[in-house]
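# Summary of the model geometry
These are the residues of each chain, in order.
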Amino acid sequence: MAEEDGKDKKSKTVSWVSSGATPAEFRLYDVLFHSEKVPKEWLADLNFDSEVIVNGLVDGFSAASGETRFQFERVGYFCKDKDSTDGKLVLNRTCTLRESKAKKGGR
C-alpha cells in the first residue's frame, strides 16, 4: 500500500461546521509556470495544477458578513470573488500560510 511506505499520505482534517453552513467554492491558486524564468517553450513549463477548485462549507456568520477578506485556519488568506451569489460563496486564495514548498525549491 502506498500509505504504508509514506509516499502517498494525504492530510486529513475534520472540522465542525454548524447546521446553518453556506456552500462555498474555494479557488486555490499556485504558480503558473514551474520555472522561475519562463523558457521559450513556455507551454511545456505550464503548471496545469495552478488552479484547483474545492467545494466546502463556511459558517453562516462568515458568509453573511459584509467582509470581503477572510483567513481560514491552517489554509491561507482568501478574498471574495465577484462570482459569489447569495446561495454560494466563491473565495479565491490570495496567500497560503505555509510557503515552505516554495522556499525549498529556491523560489
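Residues numbered from 1 in each chain as written. Predicted model: local features only at pLDDT ≥ 70, side-chain atom pairs only at ≥ 80, totals over all residues. Heavy atoms only, no water.

## Focus on the overall build of the protein
Helices and strands together make up the secondary structure of the protein, namely 2 helices and 5 strands. In the protein, the succession of α and β elements from N to C terminus is β-β-α-β-β-β-α. Considering the protein as a whole, with its 107 residues, one finds that 24% of them fall into the buried category. Here the protein displays about 8,800 Å² of accessible surface, and carbon together with sulfur accounts for 53% of that area. (Helix = DSSP H or I, 4+ residues; strand = E, 2+ residues; numbered from the N terminus. Buried < 20%, exposed > 50% of the residue type's maximum accessible area, 1.4 Å probe, protein only. Areas by Shrake-Rupley, 256 points an atom, 1.4 Å probe, with all protein chains shown as cover.)

## Focus on the environment of Ser35
Relative to the elements of secondary structure, Ser35 occurs in the loop between strand E1 (22-29) and strand E2 (51-58). Separated by 12 residues in the primary sequence, Ser35 and Asn47 place their C-alpha atoms 9.3 Å from one another.

## Some words on the sheet that holds E2
If you walk across this open sheet you meet the 5 strands as E2-E1-E5-E4-E3, and the pairing is mixed. Each of the sheet's edge strands pairs with one partner strand only, and the pair in question is E2 and strand E3 (69-72). Strand-to-strand twist across the sheet, computed as the mean angle between neighbouring axes with direction ignored, equals 30°. Taken together, the 4 bridges between E1 and strand E5 (residues 89-96) define a ladder with parallel strand orientation. Directly across from Phe26, in E5, lies its bridge partner Leu91. (Pairing = 2+ DSSP bridges. Axes fitted to C-alpha atoms, helices over the stretch in contact; angles between N-to-C directions.)

## Considering the side chain of Asp45
By secondary structure assignment, the location of Asp45 is in the loop between E1 and E2. At a separation of 3.0 Å, a polar atom in the side chain of Asp45 contacts the side chain of Ser35. Excluding anything up to four places from it in sequence, Asp45 contacts Leu32, Phe33, His34, Ser35 and Pro39. (Polar contact = N/O pair within 3.5 Å; in protein donor to acceptor, adjacent residues only side chain to side chain. Contact = heavy atoms within 4.5 Å.)

## Comments concerning the packing of aromatic side chains
For the structure on display, the rule yields 1 aromatic pair. Here the aromatic rings of Phe26 and Phe78 are separated by 5.8 Å at their centres, their planes lie at 80°, and the arrangement is edge-to-face. Taken as a pair, Phe26 in strand E1 and Phe78 in strand E4 (residues 76-80) lie far apart in primary sequence, 52 residues in all. The residues Phe26 and Phe78 share a single accessibility class, namely buried. (Phe/Tyr/Trp six-rings, centres within 6.5 Å; stacked < 30°, edge-to-face > 60°.)

## Considerations on the pattern of salt bridges
Throughout the structure, instances matching the rule amount to 4 salt bridges. For Lys88, the salt bridge identified is with Glu25, shortest N-O distance 3.4 Å. With Lys88 in the loop between E4 and E5 and Glu25 in strand E1, this pair connects stretches of sequence that are 63 residues apart. You can call Glu25 buried: its relative accessible area is 12%. A network of salt bridges, in which partner residues are shared, links Glu25, Arg27, Asp81, Asp83 and Lys88. (Salt bridge = Lys/Arg side-chain N within 4 Å of Asp/Glu carboxyl O.)

## Here's the deal with the nonpolar core
If you look at the biggest cluster of nonpolar residues, it comprises 9 residues: Ala24, Phe26, Leu28, Val58, Phe70, Phe72, Phe78, Leu89 and Leu91. Among the elements of the structure, E1, E3 and E5 are those that each provide at least two residues to this core. Ranked by residues supplied to this core, first place goes to E1 with 3 residues. (Core = buried A, V, L, I, M, F, W, Y, C linked by side-chain atoms within 4.5 Å.)

Any link to function would need more than the numbers given here.
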